[in-house]
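Here's the letter readout for the chains.
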Amino acid sequence: MQGNPLVTVVIPVYRVERYLEKSVLSVINQSYKNIEIILVDDGSPDNCPKICDDFASKYDNIKVIHKVNGGLSDARNAGIDLVRGDYLLFLDSDDTLSEDAIEGLVGKALESKADVVIPDRYIQIVENESKTVEKLHFDDTCHIEDPTSFVINVMIGKGRAWRFTALLYRTEIIKHYNVRFPVGRVSEDFVFNINYMKYAKKIAFYRKSTLYNLKRAGSITNTFHDNMEQTYLFIDDEICKFFKDKSCKGDFDTKRKELLCRNIITYITSIFSLKSPLKIDDRYRKANEILDNDRIKEAFNVSEISPYFNSQLIIIYYKIMFRLIKANRRKVAFMLARLTGKVSRWLK
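Criteria and thresholds
Residues numbered from 1 in each chain as written. Predicted model: local features only at pLDDT ≥ 70, side-chain atom pairs only at ≥ 80, totals over all residues. Heavy atoms only, no water. Helix = DSSP H or I, 4+ residues; strand = E, 2+ residues; numbered from the N terminus. Rg over C-alpha atoms; globule rule 2.2 N^0.38 Å. Buried < 20%, exposed > 50% of the residue type's maximum accessible area, 1.4 Å probe, protein only. Contact = heavy atoms within 4.5 Å. Areas by Shrake-Rupley, 256 points an atom, 1.4 Å probe, with all protein chains shown as cover. Lys, Arg positive; Asp, Glu negative; His and termini not counted. Charge placed at Lys NZ, Arg CZ, Asp CG, Glu CD. Polar contact = N/O pair within 3.5 Å; in protein donor to acceptor, adjacent residues only side chain to side chain. Axes fitted to C-alpha atoms, helices over the stretch in contact; angles between N-to-C directions. Parallel < 35°, antiparallel > 145°, perpendicular 65-115°, else oblique. Nonpolar A, V, L, I, M, F, W, Y, C, P; charged D, E, K, R; others polar. Phe/Tyr/Trp six-rings, centres within 6.5 Å; stacked < 30°, edge-to-face > 60°. Pairing = 2+ DSSP bridges.

### A word on the overall build of the protein
When helices and strands are counted, the protein shows 13 helices and eleven strands. Taken against the 2.2 N^0.38 rule, which gives 20 Å for 348 residues, the C-alpha radius of gyration of the protein at 21 Å falls within 12% of a compact globule. Here the C-alpha coordinates of the protein stretch approximately 60 × 45 × 35 Å along the principal axes. Among the 348 residues that make up the protein, the fraction classed as buried is 54%. Of the contacts formed within the protein by residues at least 6 apart in sequence, a portion of 77% connects residues at least 24 apart. With the model as given, the accessible surface of the protein reaches about 16,100 Å², and the carbon-plus-sulfur share is 48%. Computing the positive centroid from 54 side-chain charges and the negative centroid from 47, the protein places the two 5 Å apart.

Here it is as structure tokens:
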């Protein structure tokens, strides 16, 4: 690989005509110029298909895929199939890159000979608010270069590094091992990353923000998802496969169960939050059904959880919820979740 490798940026597009131009321009205007852009129109019913075609007619390095709507994972997978770059970067179509993001990531990749470069921070922008805030994905204790140890201790042990946008991946690994996003799932980034890390040999960390992440009301991360416990059980299955494929030895199963507990507490909090469309009786019924699942009950048999958050208040909340559920004091746990749900903006 030469010192000026080609970087492919894949951008899935659906109902984002208000944000798309700014997102694409943030890639076009990168200080690093050896870039190709793949815009995947996922059957968007608005003006996005025309915006994509207009960009492609103006810039030789932009390709457009028009496809029937299949969801984010399916759109990203379609983009992967056309990638020519030595490295691959995913960008959501309502987010933007910092001007020197790709230059910095490529420089770090070449210097370290790493298979993936992970920024440890990002800039959050709240829609209709003027302020921007730099946030850490994780602190220096999570800068573990060995991919297997990173998965066990950070992705599973601390429930971090689930985001995959504005990271730099080595395309050869994705293509050779057919690493793809699971179609029809949310939290698809965790599954993609854990499967990629099976084959990566080294991680490098970038101590600058590469991404301006727009937090908007209609985004997937701000939407209530029914039956989210099934996604968390699917993630649990993928973790078990990882342990088996990597022949992991030691008490790693406890970390898996702790993560499942944390995820279930997150979902129960969401069920009782203001964004939940469920009636109050259905919220209690749904939460009880989740906790009656045999695998989830088994997970809550661990002695304690050590949730990783930037806020001590959130950590205390999760620990209290865990102890209440473990002690089968569900009514109290649900009351606490209801109270928390009314002020859930701080539970981020």
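### Some points on the side chain of K67
Within the secondary structure, K67 is located in the loop between β3 (62-66) and α3 (72-80). Since its relative accessible area comes to 17%, K67 is described here as buried. Of note is the side chain of K67, whose polar atom sits 2.6 Å from the side chain of D42. Here K67 is in contact with V40, D41, D42, G43, D74, A75 and A78, once residues within four sequence places are set aside.

### Let's talk about the packing of helix α5 (residues 147-156) against helix α7 (residues 188-197)
Interhelical geometry of α5 versus α7 gives an angle of 155 degrees and a closest axis separation of 9 Å. With respect to α7, the axis of α5 lies roughly antiparallel. Each of P147, F150, V151, M155 and I156 in α5 lies in contact with α7, whose residues at this interface are F190, N193, I194 and M197. Its residues assigned to classes, the contact of α5 with α7 shows eight nonpolar, one polar and no charged.

### As for the packing of aromatic side chains
Tallied over the full model, the rule gives 19 aromatic pairs. Summarising the aromatic geometry, the rings of F181 and F192 are spaced 4.2 Å apart at their centres and angled 10 degrees between planes, so their arrangement reads as stacked. Here the residue F181 occupies a position in the loop between α6 (171-176) and α7, and F192 occupies one in helix α7, the gap between them amounting to eleven residues. Residue F181 shares its accessibility class with F192, and that shared class is buried.

### A look at α5
Extensive coverage of α5 is indicated by the burial of eight of its ten residues. Within the sequence span of α5, burial applies to P147, T148, F150, V151, I152, V154, M155 and I156. As for α5, its buried residues are in contact with β6 (116-119), α7, β10 (203-206), α8 (228-245) and α9 (252-271).

### Some points on the pairing of β6
Residue alternation in β6 divides its side chains into two sets, V116 and I118 and V117 and P119, and both sets are buried. Two strands pair when backbone bridges link them, and β6 and strand β9 (residues 168-170) are joined in this way by two bridges, in the antiparallel orientation. Bridge pairing links V117 to L168 in β9. Note that β6 and β10 share four bridges and pair parallel. For V117, the partnering residue across the bridge sits in β10 and is A204.

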